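What follows is the residue order along each chain.
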Amino acid sequence: MLERLRLEMSHYSNFIDLILDDPDNRYGGEDGRSTLVEMLGLLIGLTGSEDDAIAWLINSRGFNDATNDDVCVGLAHGNFWTLAAHTDWLRVIDTYRDLCPALIETVFRKGAAPTGDMP
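What counts, and where the lines are drawn
Residues numbered from 1 in each chain as written. Predicted model: local features only at pLDDT ≥ 70, side-chain atom pairs only at ≥ 80, totals over all residues. Heavy atoms only, no water. Core = buried A, V, L, I, M, F, W, Y, C linked by side-chain atoms within 4.5 Å. Buried < 20%, exposed > 50% of the residue type's maximum accessible area, 1.4 Å probe, protein only. Helix = DSSP H or I, 4+ residues; strand = E, 2+ residues; numbered from the N terminus. Contact = heavy atoms within 4.5 Å. Axes fitted to C-alpha atoms, helices over the stretch in contact; angles between N-to-C directions. Parallel < 35°, antiparallel > 145°, perpendicular 65-115°, else oblique. Left-handed = near helix turned anticlockwise from the far one by under 90°. Nonpolar A, V, L, I, M, F, W, Y, C, P; charged D, E, K, R; others polar.

Moving on to the nonpolar core. Core analysis: the largest hydrophobic core is formed by 31 residues, its most contacted members being Leu-5, Phe-15, Leu-36, Met-39, Leu-43, Leu-57 and Phe-108. Breaking this core down by element, the ones donating at least two residues are helix 1 (2-9), helix 2 (15-21), helix 3 (30-47), helix 4 (50-59), helix 6 (71-76), helix 7 (80-95) and helix 8 (101-108). Tallying contributions element by element places helix 3 first for this core, with 6 residues. Setting aside anything within four residues of it in sequence, one finds Leu-43 in contact with Gly-48, Ala-53, Trp-56, Leu-57, Leu-90 and Phe-108.

Put into structure tokens, the structure is as follows:
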């Protein structure tokens, strides 16, 4: 999956190359690589498929709507701690996924975002 992710992301950002190759140890070398693998595993679980996990990293639907920022831009301009913070955020969402199905649908799934008042 990492090589596929590298290929897909090469059209948008070089942060995958930076994490996997890490020429200046900005992403923590092997720690960055294993954190990226963990992030991808969490995203596959939250989005429902490898294809959707990669697509989410590219356009960060839901995350972008709330923050006006893209995950891949943040990771491209960040470092290991940026990668770790995003992975931690995904881990929290995954841990409590049964408590927030509407959030997961809105942020990680292809379904339409809910309209009207939200609690």
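In a packed pair of helices, the relevant descriptors are the angle between the two axes and the axis-to-axis distance. Packing of helix 3 against helix 4 brings their axes to within 8 Å, and their N-to-C directions diverge by 110°. Accordingly, the angle class assigned to the pair helix 3 and helix 4 is roughly perpendicular. You can see that helix 3 and helix 4 cross each other, and the crossing is right-handed. Here Met-39, Leu-40, Leu-43, Ile-44 and Thr-47 of helix 3 lie close against helix 4, whose contacting residues are Glu-50, Asp-52, Ala-53, Trp-56 and Leu-57. Among the residues forming the contact of helix 3 with helix 4, the class breakdown is 7 nonpolar, 1 polar and 2 charged.

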